[in-house]
Every structure is written in C-alpha cells, then in structure tokens.
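Residue-level listing of the chains:
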Amino acid sequence: MKIIARAHTNIALIKYWGKADSSLKIPLMSSISMTLDAFYTETEFTHNVDLANDMVIMNGKAVNDQASYRIINYVKKLQDIYGFNDHFCIKTENHVPTAAGLASSASGFAALATSFAASYNLNLNRQELSRIARLGSGSATRSIFGGFVEWQKGYDDQTSFAFPINEHPQMDLTMLAVELDVSQKDISSTCGMKIAQTSPFYQTWLNRNKQEISEMESAIKNNNFTRLGELSELSANEMHSLNLTAMQSFSYFQPTTITIMNLVRNLRKNGIECYYTIDAGPNVKILCQDKSVEDICKAIHNTLDSVKIIKSKFGPGVQIINCDD
Ligand code: PMV
C-alpha cells in the first residue's frame, strides 16, 4: 500500500535556539511558528522484510550521503521504539526551493514521521506525531500542525510536543522569503545552538521566554499584526545577538542580510509596515500585510536587483494525500 504524507515547513516567530537534551531534542525554550503554504515535502515510506537494504530516494535519486544517514538513523530509532526491524525505502520529494533559504528538515521529518506511523498502522494522534517528528529535527515538531503553532518545551520525551494555537488564522499575514545566499551554511543549527549557550546573555534569553510566548499568544488571539511583527523581529535579534556574544563569536549574517534588515527598518519609517526574521542562515524573511507586498518587493529590487523573493501564506498541517497503489 502506498502511503504518502505531505508536510509544510514553518518559520519560527519566537525562536527555538538551544537544547536541554540533544539526543531527544528537548528544547530549553518554547517556540511559536507560522506554517507556510509555499513550501512542503512529500514522503512515501514502505517497509518489507524482502528488501535487501534500507534506501533513501530524494527527488528521484537514490542517495547515500550524510543526509541519508541521518534519515536512516532516525527511522531505526523509531523502529526501536515501536518494535520493528524490517528494511525500508523512503521516497521523498522536496518542494522547498533552496532559493527560499528555508530548511527542509522541518517539513521533511514531519512528513517522514507521519508516513512511518501510517505505514506501520500505529494510529498515532497528532500530538504523538509531533513528539516523534521532534526526534528527527526540533523544528519538525511544529510542522505537524497548520497556521500558528506552539511547541511547548516540556521536560522529557512525553511532554515536549507542539499544539495548534489557531489552524485557520484570519490574520492578514504574508511572509516574503528573500534569497540572498543559497550556499550550504558552515555552522549547522545544532552546532550554532551549542556555541550560543556560552553567551553571557543566554540565561537572560531563557528567562524572557515565558513572557515572549505569552505576548505572542495574545498578539495572535487579538489579530494584532503590529505586535506579532515586533515580537518576531525582537526574537530573531535576540537569537542572533547570542551568536555574536558567544565565547566563539559567530554570525550567520552576510553584508546583504544587513542591507535587507536596514531596508525593512527604513520602509517602516516611511509608513510601510513590515518586520524581518532570520533563521540559521543569511536569508531574510519579511512579515507584512497584503497591501505592502508590491512596495516591499520594489524596494528590495531597487537595492539588490536580481534577488528572488518567494511569497508564502499560512499552510496546513500534515496530511496523508494518497493511499492507493
Ligand atoms: O530544528 P532545527 O535543528 O532545524 O533548528 C531550528 C532553528 C531555527 O530555525 C533557527 C529556529 C526555529 O525555531 O525553527
């Protein structure tokens, strides 16, 4: 039977940047994200005692590299938990253009967790799917749900999972992903998080988390785009300040990252309301309302003429899209 799961990626508005347990990927803080409609992964998982080997096929090509080892090890971990040990084949198609500068690990592991569970008939609810997606990649925890999603940090494997704040938000919110640099980042998020914990401001960042989460929850409930934007930009600035102030100081920013950050601030001064957020890479994502999209794109192209801009709105939670042979 063919089991294909589709999961959309997400952008964190209140960032996750630090693990309490690296093997279980229990975070040190709660986070809030927006699931994105423009970017998703589709994964088909099959298992069979007759298969000679475990296989990963990405975008039509069999792969045998670091990324495929991570995927295979993840599935073996799940098989250990649920008591299976047959060989498997994973076929995965990524619809997350590199140009977006968004990691495909969030949608990738959410889709894989879901197709794994469906293929073994595990009957997991979405909270359980969120927990097992977390074992693949922290941000995948949130991609099980659509709209606005919160990942409560919890304190162990059972208590760390995401839940939807609002799966069908009415907020007028668009995210513009600005492609600045698509080369592979030198410092992985796992590594960056570890280094950031040596910042003298790290404890302050943790102390602020509860307040930031509750303010973001209110902004979402009250449909307050301005407050949502301010809090998102602040959380990104805080995360990147930790990197700059770590013992081995580092930054994901490129000169063009700063150019776009300044451009967003200038647009705001000129009455075009928009905010930026940045993950573990140089690309900038801009949060804005429908009416400003055109002006913002024009301003970006006036400054950096050839950059690609990809527009996204709210995406849905994970779904099984095809069960036929
Ligand atoms: O789950 P990871 O290892 O891809 O880490 C995600 C880290 C950030 O994207 C920077 C923040 C987040 O909450 O998604």
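Residues numbered from 1 in each chain as written. Predicted model: local features only at pLDDT ≥ 70, side-chain atom pairs only at ≥ 80, totals over all residues.

- An unreviewed UniProt entry lists the protein under the name diphosphomevalonate decarboxylase, from Lactobacillus iners DSM 13335.
- Here the protein is described in UniProt, under the heading Sequence similarities (unreviewed entry), as follows: "Belongs to the diphosphomevalonate decarboxylase family." (UniProt positions renumbered as here; feature names shortened; annotations may be inferred.)

**Comments concerning the overall build of the protein**
Alright, step 1. Scanning the protein from terminus to terminus reveals eight helices and 14 strands.
Alright, step 2. Relative to the 2.2 N^0.38 estimate, which gives 20 Å for 325 residues, the radius of gyration of the protein is 19 Å and therefore close to what a compact globule would have.
Alright, step 3. For the protein, the spread of C-alpha atoms along the three principal axes comes to 65 × 40 × 40 Å.
Alright, step 4. Counting every position in the protein, which comprises 325 residues, the buried fraction comes to 44%.
Alright, step 5. When contacts within the protein are restricted to residue pairs at least 6 apart in sequence, those whose partners lie at least 24 apart make up 74%. (Helix = DSSP H or I, 4+ residues; strand = E, 2+ residues; numbered from the N terminus. Rg over C-alpha atoms; globule rule 2.2 N^0.38 Å. Buried ≥ 20, exposed ≤ 12 C-beta atoms within 10 Å, placed from the backbone. Contact = placed C-beta atoms within 7 Å.)

**Topic: the packing of helix H2 (residues 105-119) against helix H3 (residues 126-134)**
Alright, step 1. Where H2 meets H3, the axes come as close as 9 Å, and the angle between the chain directions of the two elements is 120°. When the axes of H2 and H3 are compared, the pair comes out oblique. H3 is crossed by H2, and the crossing has right-handed handedness. Counting all contacts with H2, which are made through Phe109, Ala110, Ala113, Thr114 and Ala117, the residues of H3 involved are Leu129, Ile132 and Ala133.
Alright, step 2. Grouping the amino acids of the contact of H2 with H3 by side-chain chemistry returns seven nonpolar, one polar and no charged. (Axes fitted to C-alpha atoms, helices over the stretch in contact; angles between N-to-C directions. Parallel < 35°, antiparallel > 145°, perpendicular 65-115°, else oblique. Left-handed = near helix turned anticlockwise from the far one by under 90°. Nonpolar A, V, L, I, M, F, W, Y, C, P; charged D, E, K, R; others polar.)

**Details of the site of the ligand**
Alright, step 1. Among the 14 residues in the neighbourhood of the ligand, the closest are listed as Ala12, Tyr16, Gly138, Ser139 and Ser189.
Alright, step 2. The residue inventory of the shell around the ligand, partitioned by class, reads five nonpolar, seven polar and two charged. (Near = placed C-beta within 6 Å.)

**Considerations on the sheet that holds strand S13 (residues 309-312)**
Alright, step 1. As summarised here, the arrangement of the four strands in space is S11-S12-S10-S13, forming an open sheet in which the pairing is antiparallel. Lying at the two open borders of the sheet, with one neighbouring strand each, are strand S11 (274-278) and S13. Put simply, the sheet's adjacent strands are angled 25° from each other on average, direction ignored.
Alright, step 2. Sheet contacts for helix H6 (residues 225-244): S11 and strand S12 (284-288); angle to S11, the most-contacted strand, approximately 30°.
Alright, step 3. Lying on the sheet, helix H7 (residues 255-269) is in contact with strand S10 (174-178), S11 and S12; it crosses S11 at an angle near 160°. (Pairing = 2+ DSSP bridges.)

**Re the domain arrangement of the protein**
Alright, step 1. For the protein, the domain assignment lists domain 1 (4-170 + 315-322) and domain 2 (174-312).
Alright, step 2. Here the C-alpha centroids of domain 1 and domain 2 sit 23 Å apart.
Alright, step 3. Contacts between the two partners involve 26 residues from domain 1, matched on the other side by 30 residues from domain 2.
Alright, step 4. Of all the elements in the fold, those that place two or more residues in the side of domain 1 that touches domain 2 are strand S1 (4-14), strand S4 (31-48) and strand S9 (161-166).
Alright, step 5. Broken down by element, the side of domain 1 that touches domain 2 gets its largest block of residues, six residues, from S4.
Alright, step 6. A breakdown of the residues in the side of domain 1 that touches domain 2 according to their chemical character gives 17 nonpolar, six polar and three charged. (Domains from an automatic or database assignment.)

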